[in-house]
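For reference, the chains in residue letters:
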Amino acid sequence: MGTPVKILVVLFSVIVLLAVAQSSYLPPCEPVNETVAVEKEGCPKCLVLQTTICSGHCLTKEPVYKSPFSTVYQHVCTYRDVRYETVRLPDCPPGVDPHITYPVALSCDCSLCTMDTSDCTIESLQPDFCMSQREDFLVY
C-alpha cells in the first residue's frame, strides 16, 4: 500500500471513530417528560400540561450519490406504544365539545415519521405554544 492510500485509510478510520464517539454522546430516542399545550377552536383557553413525548437521537444516512431512481428514508424518534388521555378544556361555550385527546408516549422507536402522532417538520413551534390564553394544569 502506498503512502497516499495509508493516509486515506487512517483518515477514514478517524472519521468513523469520531462519528461513533459523537453518536454515543447524543441522547437516545426515549420517552421524556415535556410541557405541552392543548387547545381547540372555539374554546378561549389553552391548557398547558405535563405529558410524555418521544425525543432523542436516531442515526441517519445521507447518500453521497443521489439518484433520481433511489429513495432515501430518514428515521426520526417517534412513538412506538402510546396511551391516549382526555382532558377537559376550561370555559368552552355551549355547543363546543370541551374534551381533547392527546397521545402519551409509553415507548419510542427510530422509524419513519407518522404525521398522525408526530410533528415531522424541520422547524416547528415549541410544544407549549398557545394561540389563546394559557391555563396551567399539571398532569403526570
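Residues numbered from 1 in each chain as written. Predicted model: local features only at pLDDT ≥ 70, side-chain atom pairs only at ≥ 80, totals over all residues. Heavy atoms only, no water.

Notes on the UniProt feature "disulfide bond" in the protein chain
For the UniProt disulfide linking C54 with C108, the SG atoms sit 2.1 Å apart, under 2.5 Å and consistent with a formed bond. A residue pair is termed long-range when its members are at least 10 positions apart, and C54 in strand β2 (residues 45-55) and C108 in strand β4 (residues 99-111) qualify at 54 residues. No difference in accessibility class separates C54 from C108, as the two residues are buried. (Disulfide = S-S within 2.5 Å. UniProt positions renumbered as here; feature names shortened; annotations may be inferred. Helix = DSSP H or I, 4+ residues; strand = E, 2+ residues; numbered from the N terminus. Buried < 20%, exposed > 50% of the residue type's maximum accessible area, 1.4 Å probe, protein only.)

Some words on the nonpolar core
Core analysis: the largest hydrophobic core is formed by 19 residues, its most contacted members being V38, L49, V87 and L89. Only β1 (30-38), β2, β3 (76-88) and β4 provide two or more residues apiece to this core. Beyond its immediate sequence surroundings of up to four residues, V38 is in contact with C46, L47, L49, V87, L89, I100 and Y102. (Core = buried A, V, L, I, M, F, W, Y, C linked by side-chain atoms within 4.5 Å. Contact = heavy atoms within 4.5 Å.)

Section: the side chain of T52
Structurally, the position occupied by T52 is in strand β2. Those residues in contact with T52 that lie beyond four places of it in its chain are P31, V32, N33, Y79, P103, V104 and A105.

Thoughts on unusual backbone geometry
Non-glycine residue D91 carries a positive phi angle of around 60°. Its location among the elements puts D91 in the loop between β3 and β4.

Focus on the pattern of salt bridges
Think of it this way: side chains of opposite charge can pair up when their charged atoms draw near. Going through the model one piece at a time under the given rule, you end up with three salt bridges. As a salt-bridge pair, K45 and D91 come within 2.8 Å of each other at their nearest N and O atoms. Of this pair, K45 sits in strand β2 while D91 is found in the loop between β3 and β4, placing the two residues 46 residues apart along the sequence. Using a relative accessible area of 15% as the deciding quantity, one classes K45 as buried. The salt bridge partner of R83 is E85, with a shortest N-O separation of 2.7 Å. On the basis of relative accessible area, R83 is assigned to the partly exposed category, the value being 38%. (Salt bridge = Lys/Arg side-chain N within 4 Å of Asp/Glu carboxyl O.)

Description of the state of the cysteines
One covalent bond between the sulfur atoms of two cysteine residues makes up a disulfide. In total, this model carries four disulfides according to the counting rule given. Here C43 is linked by a disulfide to C92, with a sulfur-sulfur distance of 2.0 Å. Taking the torsion about the sulfur-sulfur bond, which here is approximately 110°, the covalent link between C43 and C92 counts as right-handed. Here C43, found in the loop between β1 and β2, pairs with C92, found in the loop between β3 and β4; they are 49 residues apart in sequence, far enough to count as distant. Each member of the pair, C43 as well as C92, carries the same accessibility label: buried. Sulfur-sulfur distance for the disulfide between C54 and C108 comes to 2.1 Å. Where C54 bonds to C108 through sulfur, the torsion about that S-S bond is close to -90°, and the disulfide is left-handed.

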